[in-house]
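Understanding the architecture of this molecule
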Amino acid sequence: MLDETKERPSDAAAMLKRLINDTRWVQPGHAERMNRELRGLLAKATMGMSPIEVAMAVFDWFGHLAISPGKLLELSESIVRKSVELARFGGEALLANEALPGSDTRRMQSD
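In short, a report on the structure. Given the structure is predicted, the values throughout are model-derived calculations rather than measurements.

Overview of the packing of aromatic side chains
Taken as a whole and assessed by the stated rule, the structure comprises 1 aromatic pair. Here the aromatic rings of W61 and F62 are separated by 5.5 Å at their centres, their planes lie at 65°, and the arrangement is edge-to-face.

Things to note about the pattern of salt bridges
Counted by the stated rule, this structure contains 2 salt bridges. The salt bridge involving K71 is made with E74; its shortest N-O contact spans 3.8 Å. In this pair, K71 and E74 are both assigned in helix α4 (residues 69–96), 3 residues apart and thus about one turn of the helix distant. The class of K71 is partly exposed, set by a relative accessible area of 45%. For E74, a relative accessible area of 48% puts it in the partly exposed group. A salt bridge links E92 to R88, with the shortest nitrogen-to-oxygen separation between them at 3.5 Å. Note that E92 and R88 are positioned in helix α4 at a spacing of 4 residues, about one turn of the helix. According to the relative accessible area criterion, R88 is exposed, its value standing at 52%.

Re the side chain of T46
Its place among the elements puts T46 in the loop between α2 (30–45) and α3 (51–66). The buried category is assigned to T46, whose relative accessible area is 11%. In this structure, T46 is in contact with P51 and V54, ignoring residues within four places of it in sequence.

What counts, and where the lines are drawn
Residues numbered from 1 in each chain as written. Predicted model: local features only at pLDDT ≥ 70, side-chain atom pairs only at ≥ 80, totals over all residues. Heavy atoms only, no water. Phe/Tyr/Trp six-rings, centres within 6.5 Å; stacked < 30°, edge-to-face > 60°. Salt bridge = Lys/Arg side-chain N within 4 Å of Asp/Glu carboxyl O. Helix = DSSP H or I, 4+ residues; strand = E, 2+ residues; numbered from the N terminus. Buried < 20%, exposed > 50% of the residue type's maximum accessible area, 1.4 Å probe, protein only. Contact = heavy atoms within 4.5 Å.

So this is what it looks like as structure tokens:
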């Protein structure tokens, strides 16, 4: 004979089914808002291009560099040279206390 204090397996299954069907884990509309927010951020980051296209272009570029060690060396040298030039220019501008080229200092003066 079945003990009355224990639930029968069919009752437990029905209770579990009710719990699953009646419980909302995500509030209505939240998933769509999350998707919209993420897609908006991706669109800004990729300037409207498909993120898949951007990723494919980056991997293609890296793939070509991987099989072109000479070009990679040239690019590395260019980066170092331009970084040194930029640092030298910045140091000279700080020491000379001059405005950067193209800056309009008149708009910062009071009338």
